[in-house]
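Structure assessment
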Amino acid sequence: MINIIHVYAKNDSMGANYVSMLTKAMKETTDMRSADDLVTFRQMCSESMPDIVHLHGTMRVPQGNYRLVLTAHGHPVDDTNYYVVIARSKMEAARTEFPRVEIVKNPLITKTTTIDETAKNMLRIYQKVMDTNVIQLMNAYTREALHVLLKAGICGDKQWVEKQLPLPQPDWRLLSIYAYFEQVSPIVRRGAQVLGIPMPDISVSPSTSYLPKGYHPLEEKPDSTVIALLHDIQAGQVTLLRFTEIDEALRREDMDEEKLLIELEDEKLKPLFSCVLQILSEQTLLDEGFMPCTPVDNQETQRLRTQLSRHMNL
């Protein structure tokens, strides 16, 4: 159940009525509270640790460990870091210069919708907010499970991950969404099959999450060379897909490590490659026996690590 705090101004009777309507209509699917001043809001945050803070009208709150949603109710929209801004009509949405705008009609001011329809749309938006930037929400168990599943999926043999077993219980929804948008779902599913783990069938589509501006799926290159894949990373394709493809390339039976090292020197890619090996040791649990040279953990490695962790961030 999603924990939500609504915040509106004391003199905003329309906002108060709207929140009251939503709270009653969504009591079975969300845990909603409301505040009309910052003192009450801070107290609620300390008591309930909300997932989402839904602001109404002109009310603003400090940034915190929650996700901000705004219904402007006709007021101008500022440039705060909202996950989404909700408009009441197409006309209002057109006036809103914000990258993520959803239209949800207000049954208190129009007869073209119902309370149930509004509640249904709001639940969809709240869930979409919680299905965005999912790596931020992953606990240590889910991250560890992802690494083990990737290794098992790449190797295709349980014996390669026996040291990492038993596998911790992950949050399958967050893991599935992240794997989908990082384009490694087939590897994760294969890993679950190899380990004999029943992986729930969670439906994920391009509309599941709010995506960063400019996001687009990459062309898969399962048979590409390490050099070509490194050039992609050098050009900014710092994604989990590219790292898994390098792992798979390094494990091929026809991998000539001496030839690869010469090519890396010729292309001046060895420093980058050494950093990539460190990332692979963390993300896909690549073993030292498949590393043609020593991994390096330096500023460049940290830059790659940060880019990878923020790849899907809004």
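A brief look at the structure comes next. (Residues numbered from 1 in each chain as written. Predicted model: local features only at pLDDT ≥ 70, side-chain atom pairs only at ≥ 80, totals over all residues. Heavy atoms only, no water.)

What follows is about the packing of aromatic side chains. This model, assessed by the stated rule, comprises 5 aromatic pairs. Taken together, the aromatic side chains of Tyr180, Phe181 and Tyr215 make up a single cluster linked through ring pairs. The cationic tip of arginine 251 hangs over the ring face of phenylalanine 290; the distance from NZ or CZ to the ring centre is 4.6 Å. (Phe/Tyr/Trp six-rings, centres within 6.5 Å; stacked < 30°, edge-to-face > 60°. Lys NZ or Arg CZ within 6 Å of the ring centre and 35° of its normal.)

Before going further, it helps to spend a moment on the side chain of asparagine 3. Its location among the elements puts asparagine 3 in strand β1 (residues 2-7). Within polar-contact distance, the side chain of asparagine 3 engages the backbone oxygen of serine 48 at 2.8 Å. Apart from residues no more than four positions distant in its own chain, asparagine 3 is found in contact with Asp31, Ser48, Met49, Pro50, Asp51 and Ile52. (Helix = DSSP H or I, 4+ residues; strand = E, 2+ residues; numbered from the N terminus. Polar contact = N/O pair within 3.5 Å; in protein donor to acceptor, adjacent residues only side chain to side chain. Contact = heavy atoms within 4.5 Å.)

We now examine the nonpolar core. One finds Leu230, Leu250, Phe273 and Val276 to be the most contacted residues of the largest nonpolar core, which totals 54 residues. When contributions to this core are tallied by element, the ones reaching two or more residues are α5 (140-155), α6 (172-181), α7 (185-195), α8 (226-234), α9 (240-250), α10 (257-266), α11 (270-283) and α12 (299-309). For leucine 250, the residues in contact, after removing those within four places along its chain, are Val226, Met255, Leu260, Phe273, Leu277, Leu280, Leu286, Phe290 and Pro292. Membership of the second largest hydrophobic core comes to 20 residues, among which are Leu22, Ile52, Val69 and Ile125. (Core = buried A, V, L, I, M, F, W, Y, C linked by side-chain atoms within 4.5 Å. Buried < 20%, exposed > 50% of the residue type's maximum accessible area, 1.4 Å probe, protein only.)

A separate point is a nonpolar patch on the surface. A cluster of nonpolar residues, Met14, Leu108 and Ile109, forms a patch on the protein surface that exposes about 250 Å² of accessible area. Tracing the sequence through the fold places leucine 108 in the loop between β6 (101-103) and α4 (115-130). (Patch = residues over 30% accessible without salt bridge, like charges linked within 9 Å, V, L, I, M, F, W, Y side chains within 5 Å. Areas by Shrake-Rupley, 256 points an atom, 1.4 Å probe, with all protein chains shown as cover. Salt bridge = Lys/Arg side-chain N within 4 Å of Asp/Glu carboxyl O.)

This next bit is on the pairing of β1. Taking burial as the measure, the 6 residues of β1 include 6 buried ones, the bulk of the element. Every second residue of β1 is oriented toward a common face, with Ile2, Ile4 and His6 on one face and Asn3, Ile5 and Val7 on the other, all of them buried. In this sheet, strand β2 (residues 30-35) lies alongside β1 in parallel orientation, the contact comprising 6 bridges. Note that in β2 the partner of isoleucine 5 across the bridge is arginine 33. Running through helix α1 (residues 13-25), the crossover from β1 to the neighbouring parallel element β2 is right-handed. Where β1 lies against strand β3 (residues 52-56), 4 bridges are found, and the strand directions are parallel. The partner of isoleucine 4 across the bridge, within β3, is isoleucine 52. (Pairing = 2+ DSSP bridges. Right-handed = clockwise from strand over helix to strand, strands pointing away.)

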